[in-house]
Amino acid sequence: MDIPQITQKPTTITFIGAGNMARSLIVGLLQDKANVVLRVADPDLQQLDAIHKHWPDVLTTTDNLEAMQGADVVVLAVKPQIMCAVTETLAEAAQRSRPLFISIAAGIREAALNRWLGGNQAIVRCMPNTPALVQAGATGLYANPQASEKQRSVAESILRAVGITLWFDDEIKLDAVTAISGSGPAYFFLVMEAMQTAAEQLGIRAEDAHLLIMQTALGAAKLALESGDMPAELRHKVTSKGGTTEAALKVLTGGGLQDLFVQALQAAESRSRELAAANS
Ligand SMILES: NC(=O)c1ccc[n+]([C@@H]2O[C@H](COP(=O)([O-])OP(=O)(O)OC[C@H]3O[C@@H](n4cnc5c(N)ncnc54)[C@H](O)[C@@H]3O)[C@@H](O)[C@H]2O)c1
């Protein structure tokens, strides 16, 4: 990976916010055996205790500025609603130490972050998703012009520790990435929930239905990734003429499923733009 290895000075990475997404990145980095020093700041002692219990080598504090001192990378992992207040308190220190900032917040533009941090900061914005918690995430990244090649590479390495990464030259595309892969796990979970309800109504025990549905979702994703066939082709291979799949798909397409997905992703993308406008 591009994070400097054993013979080089470790990269110090500070997480501001110790919630779900920060923890998934910490796990990924530790499993990757990256040459890093990790620090985490959060006002919630329970969150810090949870980290300290599992990973005693990660330095924990309630003081954001203390955690940021001398850091090469600062990962902004707080909720979008408090990002302005949090970053403004970091601005003075940021102007002195000029670390790379990585924001994982949805709908907060680089320009707003840069302004709140006092201006002219190297910033990489990214949109990960919750499968990062099991190192199966998908992340879209965008770097501002102040971020150097080396800083881009460090940001990519951090996110690659929890899944795949894709760069976008146009920051606006992150709104679409948010709609597709950021929110995406929820769409698949909704399908799983609906299948679970239907299976139980068909008389299958809840735990048996759960296992069948999870393995089918995993198998379908693995097949789509590894077979080289497009999803439409794979669907045709499941669908026998006049058979059971055809009967089910008729109901789904007849109900306008594809159109619904287009509308749903458009709604998510618009909401991401709205949030960005409200936070700019
Ligand atoms: N959950 C998702 O699906 C998802 C996906 C992509 C991106 N994100 C983004 O990741 C970010 C974090 O989301 P999460 O799901 O980990 O949230 P979370 O609520 O689990 O974590 C946020 C953490 O910030 C801490 N915090 C609150 N005030 C703070 C302060 N002043 N200083 C430092 N820490 C403070 C909270 O105590 C909490 O531990 C959000 O901006 C979100 O948009 C989330």
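Conventions used here
- Residues numbered from 1 in each chain as written.
- Predicted model: local features only at pLDDT ≥ 70, side-chain atom pairs only at ≥ 80, totals over all residues.
- Heavy atoms only, no water.
- Patch = residues over 30% accessible without salt bridge, like charges linked within 9 Å, V, L, I, M, F, W, Y side chains within 5 Å.
- Areas by Shrake-Rupley, 256 points an atom, 1.4 Å probe, with all protein chains shown as cover.
- Salt bridge = Lys/Arg side-chain N within 4 Å of Asp/Glu carboxyl O.
- Buried < 20%, exposed > 50% of the residue type's maximum accessible area, 1.4 Å probe, protein only.
- Axes fitted to C-alpha atoms, helices over the stretch in contact; angles between N-to-C directions.
- Helix = DSSP H or I, 4+ residues; strand = E, 2+ residues; numbered from the N terminus.
- Parallel < 35°, antiparallel > 145°, perpendicular 65-115°, else oblique.
- Left-handed = near helix turned anticlockwise from the far one by under 90°.
- Contact = heavy atoms within 4.5 Å.
- Nonpolar A, V, L, I, M, F, W, Y, C, P; charged D, E, K, R; others polar.
- Near = heavy atom within 4 Å.
- Polar contact = N/O pair within 3.5 Å; in protein donor to acceptor, adjacent residues only side chain to side chain.
- 1 Å grid on protein atoms, 1.4 Å probe; cavity = no way out; pocket = protein on both sides within 12 Å on 5 of 7 lines; lining within 4 Å.
- Sits in = over half its atoms within 2 Å of the grid points.
- Points joined across faces, edges and corners; volume = space filled by probe spheres on them.
- Pairing = 2+ DSSP bridges.
- Phe/Tyr/Trp six-rings, centres within 6.5 Å; stacked < 30°, edge-to-face > 60°.
- Lys NZ or Arg CZ within 6 Å of the ring centre and 35° of its normal.

**Q** Would you explain a nonpolar patch on the surface in this entry?
**A** There is a patch of nonpolar side chains on the surface, built from Leu 202, Ile 204 and Leu 212 and spanning about 330 Å² of accessible area. Take Leu 202: its relative accessible area is 73%, and that puts it in the exposed class.

**Q** Looking at this structure, I do not really get the packing of helix α7 (residues 173-182) against helix α12 (residues 257-278). What am I missing?
**A** Between two packed helices, the angle of one axis relative to the other and the distance separating the axes together describe the packing. Where α7 meets α12, the axes come as close as 8 Å, and the angle between the chain directions of the two elements is 135 degrees. Classified by the interaxial angle, the pair formed by α7 and α12 is oblique. When you trace α7 past α12, the crossing you get is right-handed. Taken together, the residues of α12 that come into contact with α7 (itself represented by Asp 175, Ala 176, Thr 178, Ala 179 and Ile 180) are Leu 265, Ala 268, Glu 269, Ser 272 and Arg 273. Of the residues that constitute the contact of α7 with α12, the class distribution is five nonpolar, two polar and three charged.

**Q** Looking at this structure, how should I read the site of the ligand?
**A** Neighbouring the ligand are 24 residues, the closest being Met 21, Asp 42, Gln 47, Val 78 and Ala 106. A distance of 2.6 Å separates an oxygen atom of the ligand from a polar side-chain atom of Asp 42. In the model, an oxygen atom of the ligand is placed 2.8 Å from a nitrogen or oxygen of the Gln 47 side chain. With respect to the detected pockets, the ligand is housed in the second largest pocket. Residue contributions to the shell around the ligand peak at three residues, all from helix α4 (residues 80-97). Residue classes in the shell around the ligand are distributed as 15 nonpolar, six polar and three charged.

**Q** Honestly, the pattern of salt bridges in this entry has me stumped. Any pointers?
**A** Oppositely charged side chains may form a pair once their charged atoms are brought near each other. Counted under the stated rule, the structure contains 11 salt bridges. Salt-bridge contacts for Arg 205 lead to Asp 208; the nearest nitrogen and oxygen are separated by 3.2 Å. Note on Arg 205: relative accessible area 52%, which makes it exposed. Across the pair Glu 226 and Lys 222 runs a salt bridge whose closest N-O atoms are separated by 3.0 Å. Of this pair, Glu 226 and Lys 222 both sit in helix α9 (residues 206-226), four residues apart, which is roughly one turn of the helix. One salt-bridge network, held together by shared partners, links Arg 205, Glu 207 and Asp 208.

**Q** Honestly, the layout of surface pockets in this entry has me stumped. Any pointers?
**A** Where empty space is left becomes clear once a probe the size of a water molecule has been rolled over the atoms. Here the second largest pocket is characterised by a volume of approximately 660 Å³. Taken together, 27 residues make up the lining of the second largest pocket; nearest its centre are Met 21, Val 78, Lys 79, Pro 80 and Ile 104. Elements represented by at least two residues in the lining of the second largest pocket include exactly α1 (20-31), α4, α7 and α8 (184-201). Counting residues per element, the lining of the second largest pocket draws most heavily on α1, which supplies three residues. Of the residues assigned to the lining of the second largest pocket, the class counts are 14 nonpolar, 10 polar and three charged.

**Q** Quick question: what am I supposed to make of the sheet that holds strand β2 (residues 36-41) here?
**A** Hydrogen bonding along the main chain pairs the strands of a sheet, whether they run parallel or antiparallel. If you trace the eight strands from one edge of the open sheet to the other, you get β3-β2-β1-β4-β5-β6-β7-β8, paired in mixed fashion. At either margin of the open sheet sits one strand with a lone partner, and together these are β3 (59-61) and β8 (163-167). Within this sheet the neighbouring strands show an average axis-to-axis angle of 20 degrees, counted without direction. Two strands pair when backbone bridges link them, and strand β4 (residues 73-76) and strand β5 (residues 100-103) are joined in this way by four bridges, in the parallel orientation. Bridged to Val 74 within β5 is Phe 101. Helix-sheet contacts for α1 involve β1 (11-16), β2 and β4, and the interaxial angle to β1 is about 160 degrees.

**Q** Before we go on, may I ask you to explain the packing of aromatic side chains in this structure?
**A** The description of two aromatic rings rests on the distance between their centres and on the angle between their planes. This model, assessed by the stated rule, comprises one aromatic pair. Taking the centre distance of 6.2 Å and the plane angle of 80 degrees together, the rings of Tyr 187 and Phe 261 count as edge-to-face. In this pair, Tyr 187 sits in helix α8 while Phe 261 sits in helix α12, placing the two residues 74 residues apart along the sequence. Residue classification places Phe 261 among the partly exposed positions, given a relative accessible area of 35%. The residue whose ring lies beneath Arg 152 is Trp 167, and the NZ or CZ to ring-centre distance is 4.3 Å.

Purely geometric stuff here, so don't read any function into it on its own.
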